[in-house]
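Chain residues, written in single-letter form:
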Amino acid sequence: MIAPIGLFYGSTTGNTASVAERIAQLAGPGLIDLHDIAATALAGLDEYDYLIFGISTWDFGEQQLDWQEFWPELDALNLRGRHCALFGLGDQLGYSQWYLDAMGLLHERLQRCGARFVGTWPNSDEYDFEASLALNADGRSFVGLALDEDSQRSETDARLATWLPQVLAEFGLAGLSV
């Protein structure tokens with residue numbers, strides 16, 4: 001039996017995979033199925049009404065390598081009526097001009113496919129970057145959870161503990177776990 005939520009992610013160094021695993025553990029057993037797109041591509045995505053996508057930004061605003069490989073396939077997805085949440089990893093100090101750009105690009109791509117997004121995250125004083133394509137139009141929030149395992153790793157668990165219940169509530173699954 002499949003879980004109600006499919007979490008699709010790509011990971012080069014293991015940071016995004018680690019966050020994906022922590023999300024699944026925090027949610028509790030049977031709520032989230034993990035899909036490393038390097039192994040599964042986007043297979044099975046159509047089986048879920050609720051989706052979480054994890055992506056990291058590399059170099060100068062580029063998508064993680066596994067996501068780059070499947071990027072053209074995203075345009076063919078039909079996500080009408082599906083609730084989606086995003087989390088992104090980036091290095092706000094080393095790549096301040098492109099912080100979480102890949103998450104912003106993924107949001108744009110999935111939005112064109114009809115996705116209904118939940119799980120925005122506040123852009124607070126805790127963050128220190130120059131620019132990001134992952135900011136909403138008003139600049140006050142990110143399109144998904146903003147993480148930095150390079151310079152703010154100690155903040156990740158607290159951010160996950162706040163964000164995941166928000167996402168589950170917006171999915172309408174709040175009573176199932178967390």
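Within any chain, residue numbers begin from 1 and follow the written order of that chain's sequence. It should be noted that, the model being predicted, local features are given only for residues of pLDDT at least 70 and side-chain atom pairs only at 80 or more, the latter also being counted only at that level, while totals for whole chains, interfaces and linings use all residues. Neither water nor hydrogens contribute to the side-chain values; these are computed over all heavy atoms in the structure.

## Structural notes on the overall build of the protein
And then number 1: The helix and strand inventory of the protein stands at five helices and nine strands.
And then number 2: Going from N to C terminus, the protein has its helices and strands arranged as β-α-β-α-β-β-α-β-α-β-β-β-β-α.
And then number 3: Whereas a compact globule of 178 residues would reach a radius of gyration of roughly 16 Å, the protein reaches 15 Å, a difference of no more than 12%.
And then number 4: On the principal axes, the C-alpha backbone points of the protein span a range of 45 × 35 × 30 Å.
And then number 5: Type-normalised accessible area, obtained with a 1.4 Å probe on protein chains alone, sets the label of each residue: buried when under 20%, exposed when over 50%, and partly exposed for intermediate values. A buried classification covers 51% of the 178 residues belonging to the protein. Secondary structure is summarised from DSSP: a helix means a run of H or I of at least four residues, a strand means a run of E of at least two, and numbering begins at the N terminus for each. Each radius of gyration reported is based on C-alpha atoms, and the globular scaling rule is 2.2 Å times the count of residues to the power 0.38.

## Concerning the packing of helix 1 (residues 15-27) against helix 5 (residues 156-171)
And then number 1: Each axis is a line fitted through C-alpha atoms, and for a helix only the stretch in contact is used; angles between axes span 0 to 180 degrees, taken between their N-to-C directions. The N-to-C vectors of helix 1 and helix 5 enclose an angle of 50 degrees; their axes lie 11 Å apart at closest approach. Between helix 1 and helix 5, the crossing angle belongs to the class labelled oblique. As for how helix 1 packs across helix 5, the hand of that crossing is right-handed. Note on element contacts: helix 5 touches helix 1 through Thr156, Asp157, Leu160, Ala161, Trp163 and Leu164, opposite Val19, Arg22, Ile23, Leu26 and Ala27.
And then number 2: Just so you know the grouping, Ala, Val, Leu, Ile, Met, Phe, Trp, Tyr, Cys and Pro go in nonpolar, Asp, Glu, Lys and Arg go in charged, and all remaining residues, Gly too, go in polar. Among the residues forming the contact of helix 1 with helix 5, the class breakdown is eight nonpolar, one polar and two charged. We call two directions roughly parallel when the angle between them is under 35 degrees, roughly antiparallel when it is over 145, roughly perpendicular when it lies between 65 and 115, and oblique otherwise. Left-handed describes a crossing in which the near helix is turned anticlockwise from the far one by less than a right angle; the clockwise case is right-handed. Any two residues whose heavy atoms approach within 4.5 Å are treated as being in contact.

## Focus: the packing of helix 3 (residues 65-74) against helix 4 (residues 101-112)
And then number 1: The contact between helix 3 and helix 4 brings their axes to 11 Å, and the two run at 20 degrees. It follows from the interaxial angle that helix 3 and helix 4 lie roughly parallel. As helix 3 packs across helix 4, the resulting crossing turns out to be left-handed. Contacts between helix 3 and helix 4 involve Trp67, Trp71, Pro72 and Leu74 from the former and Ala102, Leu105, Leu106, Arg109 and Leu110 from the latter.
And then number 2: For the contact of helix 3 with helix 4, the per-class residue count stands at eight nonpolar, no polar and one charged.

## Topic: the nonpolar core
And then number 1: Buried Ala, Val, Leu, Ile, Met, Phe, Trp, Tyr and Cys residues form a nonpolar core when they are joined through side-chain atoms within 4.5 Å. Judged by nonpolar contacts, the single largest core of 57 residues is most densely connected at Ile23, Ile52, Phe53, Phe87 and Phe142.
And then number 2: For this core, the secondary structure elements donating two or more residues are strand 1 (5-9), helix 1, strand 3 (50-58), helix 3, strand 5 (83-89), helix 4, strand 9 (145-147) and helix 5.
And then number 3: Excluding residues that lie within four positions of it along the chain, Ile23 makes contacts with Leu7, Ile32, Ile52, Phe87, Leu160, Trp163 and Leu164.

## Quick word on helix 5
And then number 1: The length a helix should cover is 1.5 Å for every residue beyond the first. Compared with an ideal rise of 1.5 Å per residue, which puts 16 residues at 22 Å, helix 5 spans 22 Å between its outermost C-alpha atoms and is within 8% of the ideal.
And then number 2: Looking only at helix 5, the buried set comprises Thr156, Arg159, Leu160, Trp163, Leu164, Val167, Leu168 and Phe171. Projected down its long axis, helix 5 shows its buried positions confined to an angular sector of 145 degrees, all on one face.
And then number 3: Summarising the contacts, the buried residues of helix 5 are in contact with strand 1, helix 1, strand 3, strand 5, strand 7 (121-122) and strand 9.
And then number 4: Just downstream of helix 5 lies Gly172, where phi reads positive at about 85 degrees. An arc is given here, and it is the one of the directions from the helix axis to the C-beta atoms.

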